[in-house]
Structures are given as structure tokens and as C-alpha cells.
Amino acid sequence: MPICVEGDHVRAQEVIQQVKLWDQAIIENSIDDVIHKCADRISLFDVSSQLTGIGVYRKEWEKFSPYFHENMQITRRDMTVYISEDLAVLHCYSKVDHAETTTNQMPWCRTTMCLQKQAGDWLLVHQHISMPVNVNSGQAILIKDVPKLKLVV
């Protein structure tokens with residue numbers, strides 16, 4: 001998958017690698033590994049909540065961890081990374097589903113991840129996940145599906 005990079009390509013590769021590790025921690029349902037990749041003051045905005053702080057972020061992952069099973073996969077597309085010396089903003093479409101399903105069964109979400117380099121590591125400081133919704137009908141707006149793409153560098 002082509003990834004658009006605005007800024008230093010070497011640092012962007014570090015961030016992309018961190019996102020791969022992040023995805024793998026989620027797939028393995030390893031909450032400790034997910035939390036290890038986050039800053040203490042992490043914030044999350046998603047479809048149903050808004051929270052700040054590593055403790056409440058961990059609780060949110062613990063709440064959803066029973067839904068993460070074997071054969072989970074994370075697919076991303078249309079990724080753009082904006083990068084400076086110690087700050088990265090990444091946005092893309094993403095979905096989490098089971099390897100046995102087709103990508104058409106799960107909707108694409110809009111994802112933004114902000115990472116900051118702290119003590120040599122890129123840590124997640126903010127995450128925003130949303131699903132487009134028609135405000136008049138309340139129905140999800142499905143983003144046109146494309147053939148399954150994996151995050152590659």
C-alpha cells in the first residue's frame with residue numbers, strides 16, 4: 001500500500017513500524033503491550049467515548065478485550081504520515097475484523113493517531129476513531145470498500 005509521507009522519511013518509517021507493533025499487540029490481545037506503546041496522558045476520542053490518561057485507557061481496552069479473538073486482523077488504507085523531529089500525525093481508514101470474513105462485512109473507520117517521541121520511543125499521545133454517520137438518518141455512511149490491503153513499507 002502506498003503511504004504518503006510529509007516530512008522525514010526515516011522518522012516516518014519508525015512511526016509506521018510502531019503502528020505495526022501497535023496493530024500486532026491488538027491482534028494478540030496483549031493489553032500490556034498496547035499500554036506500553038502509549039504516553040501517560042494519552043487521550044482517545046471514538047464513536048462512543050472520550051477519555052484521558054493511561055489508567056482509563058487501559059480500562060477501555062480491558063472492557064473490549066473479550067471481543068478480540070484468534071484470527072483478528074487490522075487492515076489500513078490511504079495512510080498519510082506528517083512527521084517532524086518528535087511529533088507525528090497519521091491518518092487513514094482502518095478496520096478490525098476476522099481473517100475468515102471478507103472486508104465488506106465490517107465498515108471502514110476513520111482513524112487518526114498522534115505520536116510523540118519520548119526518551120527515544122514513539123508513543124501514542126492521541127487516538128481518534130470515528131465512523132461517518134448521516135446526521136439526518138443516523139445511519140452509518142459506508143466508505144467504498146477496496147480489495148484487502150495490508151500495512152506494508
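Description of the structure in this document. For clarity, every value in this text was computed on a predicted model and none was experimentally measured.

About the cut-offs
- Residues numbered from 1 in each chain as written.
- Predicted model: local features only at pLDDT ≥ 70, side-chain atom pairs only at ≥ 80, totals over all residues.
- Heavy atoms only, no water.
- Helix = DSSP H or I, 4+ residues; strand = E, 2+ residues; numbered from the N terminus.
- Buried < 20%, exposed > 50% of the residue type's maximum accessible area, 1.4 Å probe, protein only.
- Salt bridge = Lys/Arg side-chain N within 4 Å of Asp/Glu carboxyl O.
- Phe/Tyr/Trp six-rings, centres within 6.5 Å; stacked < 30°, edge-to-face > 60°.
- Lys NZ or Arg CZ within 6 Å of the ring centre and 35° of its normal.

Some words on the environment of Leu21
So, point 1. With respect to the secondary-structure elements, Leu21 resides in helix α1 (residues 9-27).
So, point 2. Looking at Leu21, the relative accessible area reads 39%, which means it is partly exposed.
So, point 3. Through-space distance from the C-alpha of Leu21 to that of Val34 is 8.7 Å; in sequence the pair is 13 residues apart.

Thoughts on the pattern of salt bridges
Two side chains of opposite charge can pair, provided their charged atoms sit close to one another.
So, point 1. All chains considered together, the criterion is met by 7 salt bridges.
So, point 2. Bridged by salt links that share partners, the residues Asp32, Arg58 and Glu62 form one connected network.

Some words on the packing of aromatic side chains
Think of a pair of aromatic rings as described by two things: how far the centres are apart, and how the planes are tilted against each other in angle.
So, point 1. Per the stated rule, a full pass over the model turns up 2 aromatic pairs.
So, point 2. For the pair Trp22 and Trp61, a centre-to-centre distance of 6.1 Å together with 80 degrees between the ring planes defines the contact as edge-to-face. You can see Trp22 sitting in helix α1 and its partner Trp61 sitting in helix α3 (residues 54-64), a full 39 residues away along the chain. Per residue, the accessibility class of Trp22 equals that of Trp61, and both read buried.
So, point 3. Ring centres of Tyr57 and Trp61 lie 6.4 Å apart, and the angle between their planes is 75 degrees; this geometry places the pair in the edge-to-face category. On the criterion of helical spacing, the pair formed by Tyr57 and Trp61 is a turn pair, its members being 4 residues apart in helix α3. Trp61 matches Tyr57 in its accessibility class, with the two residues each being buried.
So, point 4. Here the aromatic residues Trp22, Tyr57 and Trp61 are joined through ring pairs into a cluster of three or more.
So, point 5. Its guanidinium or amino end placed over the ring of Tyr93, Arg77 lies 4.9 Å from that ring's centre, counting from NZ or CZ.
So, point 6. Of note, Arg77 hangs over the ring of Trp108, and the distance from its end group to the ring centre comes to 4.8 Å.

Fair warning: the whole summary comes from geometry, so function is off the table for now.
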